[in-house]
Amino acid sequence: DGSGSVNISDNDSKPLIYISDAAAVEGGTTEFLISLTEISDFDVYFDFSTHDGDGVDRATAPGRFSAVGAQPLQISAGDLSLTAGVGTVDDTVYENSERLTVSLTGLVNATGGDVTGEGTITNTDAAPTLAIYDLTILEGDADSVAVSLSALSEVDAVFEWQTFVVTADTEV
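Small disclaimer: the values here were computed from a predicted structure and weren't measured. (Residues numbered from 1 in each chain as written. Predicted model: local features only at pLDDT ≥ 70, side-chain atom pairs only at ≥ 80, totals over all residues. Heavy atoms only, no water.)

Colleague: What is the right way to read the overall build of the protein from this model?
Modeller: From N to C terminus, the protein includes 0 helices and 11 strands. Along the protein, helices and strands appear, N-terminal first, in the series β-β-β-β-β-β-β-β-β-β-β. The C-alpha atoms of the protein give a radius of gyration of 29 Å, which is well past the 16 Å a tight globule of 172 residues would have. A principal-axis box enclosing the C-alpha atoms of the protein has dimensions of 125 × 20 × 20 Å. Buried positions account for 26% of the 172 residues belonging to the protein. Contacts in the protein between residues at least 24 apart in sequence constitute 67% of all its contacts with a sequence separation of at least 6. Looking at the protein, you have 4 positive and 30 negative side-chain charges, and the mean spots of the two groups are 9 Å apart. (Helix = DSSP H or I, 4+ residues; strand = E, 2+ residues; numbered from the N terminus. Rg over C-alpha atoms; globule rule 2.2 N^0.38 Å. Buried < 20%, exposed > 50% of the residue type's maximum accessible area, 1.4 Å probe, protein only. Contact = heavy atoms within 4.5 Å. Lys, Arg positive; Asp, Glu negative; His and termini not counted. Charge placed at Lys NZ, Arg CZ, Asp CG, Glu CD.)

Colleague: Looking at this structure, I do not really get the layout of surface pockets. What am I missing?
Modeller: Estimates place the volume of the largest pocket at around 460 Å³. If you trace the largest pocket, you find 15 residues lining it, with Leu135, Val145, Gln162, Thr163 and Phe164 closest to the centre. Per-class residue counts for the lining of the largest pocket are 11 nonpolar, 3 polar and 1 charged. (1 Å grid on protein atoms, 1.4 Å probe; cavity = no way out; pocket = protein on both sides within 12 Å on 5 of 7 lines; lining within 4 Å. Points joined across faces, edges and corners; volume = space filled by probe spheres on them. Nonpolar A, V, L, I, M, F, W, Y, C, P; charged D, E, K, R; others polar.)

Colleague: It is not clear to me how the pattern of salt bridges should be interpreted in this structure. Could you clarify?
Modeller: Side chains that differ in sign of charge can pair as their charged atoms come close. All told, the structure shown has 5 salt bridges when counted by the stated rule. Linking Glu95 and Arg64 is a salt bridge whose minimum nitrogen-to-oxygen distance equals 3.2 Å. Here Glu95, found in the loop between strand E6 (81-87) and strand E7 (98-108), pairs with Arg64, found in the loop between strand E4 (44-52) and strand E5 (71-75); they are 31 residues apart in sequence, far enough to count as distant. A salt bridge links Glu118 to Arg99; the nearest nitrogen and oxygen atoms lie 3.6 Å apart. With Glu118 in strand E9 (residues 116-122) and Arg99 in strand E7, this pair connects stretches of sequence that are 19 residues apart. (Salt bridge = Lys/Arg side-chain N within 4 Å of Asp/Glu carboxyl O.)

Colleague: Honestly, the sheet that holds E9 in this entry has me stumped. Any pointers?
Modeller: One key point about sheets: their strands pair by backbone hydrogen bonds, in either a parallel or an antiparallel sense. Pairing is mixed across the open sheet formed by 5 strands, whose spatial order is E2-E9-E7-E4-E5. With partners counted over all chains shown, the strands left at the sheet margins are strand E2 (22-25) and E5, one partner each. The average undirected angle you get between the axes of adjacent strands in this sheet is 30 degrees. Pairing of E4 with E7, which is carried by 7 bridges, proceeds in the antiparallel orientation. Bridge pairing links Thr50 to Val102 in E7. (Pairing = 2+ DSSP bridges. Axes fitted to C-alpha atoms, helices over the stretch in contact; angles between N-to-C directions.)

Next comes the structure, spelled out in structure tokens:
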């Protein structure tokens, strides 16, 4: 009869998947680029999650960004990438830039390359000003000097100061 059957096994390797780092100002959205190293003939599925940052300048949810917990995403067959956004919170506190992390888990039809990204939230609040209030002390008495900041700050306010003896005969 001259006919036969042939089995073709797909032995192509899966594409690697990567996530970029991203940055946004307070109140903006960090846009993470999630990309494949090559076009796939299959839909690529994965979960996208946010995590509080590490270290001194760590961003925490929900105060600094909107948490995302295992959001299912896919890169469709024939596509190379997509973006995933994380909203940030606009506050009125002066602070250093803060960091959060994002991760890709539950990979289907792709192999993990760099599956962890870092998001930076850039502070937009002006540094507070320092006010030192005048003080009159009677001779022989002791008192303290009142110092205040014009706004909240998570950054230490460091300043130098000195005292002057002023009498009725001193020119100011």
